[in-house]
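Remarks on the overall topology
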Amino acid sequence: MLWMQHHGIINVANSILNSIDLDQTVANLMVTARSDGYTQGYAECSQHVTGALRVDWDTGRSATCVADTSAAHAAAKVEYNNLSLPVMDLVTTALQSEDFVNQLKEIFPDEADISDEEDLE
């Protein structure tokens, strides 16, 4: 259990947080959220200008006119919510075992253990 306290939890957290799949999905979610927020903000601002100035504000030439950013953002949210990290499947399987510490040690070997094994060879 000492290994779990000093190494196991850190290894599990690092493998999740450093996952390339997670990084890419979160980056895509942030970009689509920003684009969708800009588009909706521009549309709302246009409505306020039209109402305040009582003029017909032409948004036809704006970059946000035909952009369907809400669909892209919704797809990015679905992708994030359905994200499955392979390491989590391994950890879940290991934690259901009677000897979960040894199984986690196999998934996340200590660097000190690896260097000791290399010294023996």
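Our subject is the structure that appears above.
Residues numbered from 1 in each chain as written. Predicted model: local features only at pLDDT ≥ 70, side-chain atom pairs only at ≥ 80, totals over all residues. Heavy atoms only, no water.

**Notes on the side chain of His73**
- With respect to the secondary-structure elements, His73 resides in helix H3 (residues 69-81).
- When its relative accessible area of 14% is taken as the criterion, His73 is described as buried.
- Residues in contact with His73, not counting those within four places in the same chain, are Leu29, Thr32, Ala33 and Asp36. (Helix = DSSP H or I, 4+ residues; strand = E, 2+ residues; numbered from the N terminus. Buried < 20%, exposed > 50% of the residue type's maximum accessible area, 1.4 Å probe, protein only. Contact = heavy atoms within 4.5 Å.)

**Let's talk about the environment of Trp3**
- One can find Trp3 in helix H1 (residues 2-17).
- Separated by 98 residues in the primary sequence, Trp3 and Val101 have C-alpha atoms spaced 7.7 Å apart.
- Residues within four places of Trp3 in sequence aside, it is in contact with Gly8, Asn11, Val101, Leu104, Lys105, Phe108 and Asp110.

**A look at H3**
- Between its terminal C-alpha atoms H3 stretches 18 Å, which fits the 18 Å expected from 13 residues at 1.5 Å a residue.
- Inspection of H3 places Thr69, His73 and Ala76 among the buried residues, and these make up the whole buried set. Across the axial projection of H3, the buried residues extend over an arc of 60°, all falling on one side.
- Of the surrounding elements, those touching the buried residues of H3 are helix H2 (20-53). (Expected span 1.5 Å × (residues − 1). Arc of directions from axis to C-beta.)

**Regarding unusual backbone geometry**
- You will see that Arg54, though not glycine, has its phi angle at about 55°, which is positive.
- Classification of Arg54 by relative accessible area gives exposed; the value is 72%.

**With respect to a nonpolar patch on the surface**
- Together, Leu53, Val55 and Trp57 give the surface a local cluster of nonpolar side chains, amounting to about 290 Å² of exposed area.
- Mapped onto the fold, Trp57 is located in the loop between H2 and H3.
- On the accessibility criterion, Trp57 (39% relative accessible area) is partly exposed. (Patch = residues over 30% accessible without salt bridge, like charges linked within 9 Å, V, L, I, M, F, W, Y side chains within 5 Å. Areas by Shrake-Rupley, 256 points an atom, 1.4 Å probe, with all protein chains shown as cover. Salt bridge = Lys/Arg side-chain N within 4 Å of Asp/Glu carboxyl O.)

**What about the packing of H2 against H3?**
- Two elements in contact, H2 and H3, have axes whose closest approach is 8 Å; the angle formed by their N-to-C orientations is 155°. Here H3 runs roughly antiparallel to H2, going by the angle between their axes. Between H2 and H3 lies a crossing of left-handed hand. Residues Leu22, Thr25, Val26, Asn28, Leu29, Thr32, Ala33, Ser35, Asp36 and Thr39 of H2 touch H3, and the partners they reach there are Thr69, Ser70, Ala72, His73, Ala76, Lys77, Glu79 and Tyr80.
- Of the residues that constitute the contact of H2 with H3, the class distribution is seven nonpolar, eight polar and three charged. (Axes fitted to C-alpha atoms, helices over the stretch in contact; angles between N-to-C directions. Parallel < 35°, antiparallel > 145°, perpendicular 65-115°, else oblique. Left-handed = near helix turned anticlockwise from the far one by under 90°. Nonpolar A, V, L, I, M, F, W, Y, C, P; charged D, E, K, R; others polar.)

**A look at the side chain of Thr69**
- As for its placement among the helices and strands, Thr69 is situated in helix H3.
- Thr69 sits in the buried class, given a relative accessible area of 14%.
- There is a polar contact of 2.8 Å between the side chain of Thr69 and the side chain of Asp36. (Polar contact = N/O pair within 3.5 Å; in protein donor to acceptor, adjacent residues only side chain to side chain.)

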